[in-house]
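Per-entry structural report
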Amino acid sequence: MLARRYGRFREEDKGMDFFAVLDPLMGMLWYLVPAVVLVLVVRTPWFKGALGEVVINLLIRLSLDRESYHLIRNVTLPTADGTTQIDHIIVSVYGVFVVETKNMKGWIYGKPNQKTWTQKIYRHSRKFQNPLRQNNKHVRALQQLLDLRDDQVFSVVVFIGEGRFKTDMPDNVTYGRGVIRYIKSKKRPILPEDEVEKIIQAIEQGRLVRSIKTDLRHRRNVQERVSGR
C-alpha cells in the first residue's frame, strides 16, 4: 500500500515538474513570437519600401518651405492598363516633381536607357526595373491628368539605405538629401501661383481614394502586368 502511494506521489511530482518547466518556457514564447514576426516583417520588400517613403517624406517636410512646395504623397492614378502609384508629388511654381523612392543596399549598376539595373550584394546579383523607366510611367499619367508639358514636370529617383552607385548616374538619380538639392536647383518659376493651386486640386480629385482596398487593387494590377510579360 505504501509503495503504491509512494509511486503515485512520484508520478504527481513528475507532472508538477513538467509544468514547472513549461510555464517559464511559455512565458518566453509570448515575447519571442512577436519578436520573430517583427524581424520577418522588417525584412520584407514592402516594409523597406514603406520605410523609404517615410524617410523621404520627413526629409521633404523638414527641408522644403511648405508655402512654396506642396507635398502630396502616395498618389494612385488610374491608367489605361490599370493603375500607377506615385510615392511623392511636389508641386511648386518651379515645376511638378515626381519622386520615386528606393530603399536598397549593395552596389547599384545601371544606365538611364537600360530596361533593368543590377543590384549586387557580395557575390549575389539581381535585376530590378530601371526606376527611371518606372517613374516615367508616373510622369506620363500625371501629365495626362494635368495637361502639362515635359519641361514642367521633373522625374526624380532617390535611393536611401546602404546602396552605392557603381556607374555614373544622371542628376535626377541621387541619394538621400540629394533629392532636396535637385529640387532646389530648379530656380526659374515656370508655373503661375493660380496654376499651382489648380494642379493640387486636380491631383486630389483625380487620385483614387487612399485605402487598403486601393493598395491591394494596385498590387493586383502590377502582378497581372508582370505575369503578362
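Residues numbered from 1 in each chain as written. Predicted model: local features only at pLDDT ≥ 70, side-chain atom pairs only at ≥ 80, totals over all residues. Heavy atoms only, no water.

With respect to helix α5 (residues 193-206)
The terminal C-alpha atoms of α5 lie 20 Å apart, and with 14 residues this matches the ideal 20 Å at 1.5 Å per residue to within 8%. Turning to α5, its buried residues are V196, I199, I200 and I203. Down the axis of α5, the smallest arc covering the buried residues is 100°, so these residues share one side. Residues of α5 that are exposed and point over 90 degrees away from its buried face: K198 and Q205. Looking at the packing, one finds that the buried side of α5 touches β1 (70-79), β2 (82-92), β3 (95-103) and α3 (131-146). (Helix = DSSP H or I, 4+ residues; strand = E, 2+ residues; numbered from the N terminus. Expected span 1.5 Å × (residues − 1). Buried < 20%, exposed > 50% of the residue type's maximum accessible area, 1.4 Å probe, protein only. Arc of directions from axis to C-beta. Contact = heavy atoms within 4.5 Å.)

Here we look at the nonpolar core
Among the nonpolar cores identified, the biggest contains 38 residues, and I89, I90, V91 and I203 are the most heavily contacted of them. Those elements giving two or more residues to this core turn out to be α2 (45-63), β1, β2, β3, α3, β7 (153-160), α4 (178-184) and α5. Take this core: its biggest share by element is 5 residues, from β7. Those residues in contact with I90 that sit more than four places away from it in its chain are I60, L64, Y69, H70, L71, G95, V96, F97, V99 and I183. In terms of nonpolar packing, the next biggest core, distinct from the first, is built from 10 residues, M104, I108, W117 and F128 among them. (Core = buried A, V, L, I, M, F, W, Y, C linked by side-chain atoms within 4.5 Å.)

A short note on the confidence of the model for the protein
Counting all residues, the mean pLDDT for the protein is 83, and 73% of those residues have values of 70 or more. Under a pLDDT of 50 for its full length, residues 35-42 has, in the predicted model, 4 contacts with residues more than four places off or in other chains. (pLDDT = per-residue confidence, 0-100.)

Quick word on the side chain of N130
Following the sequence through the fold, N130 ends up in the loop between β6 (124-129) and α3. Judged by relative accessible area, N130 falls into the buried class, the value being 0%. Here N130 is in contact with K111, P112, N113, Q114, K115, T116 and W117, once residues within four sequence places are set aside.

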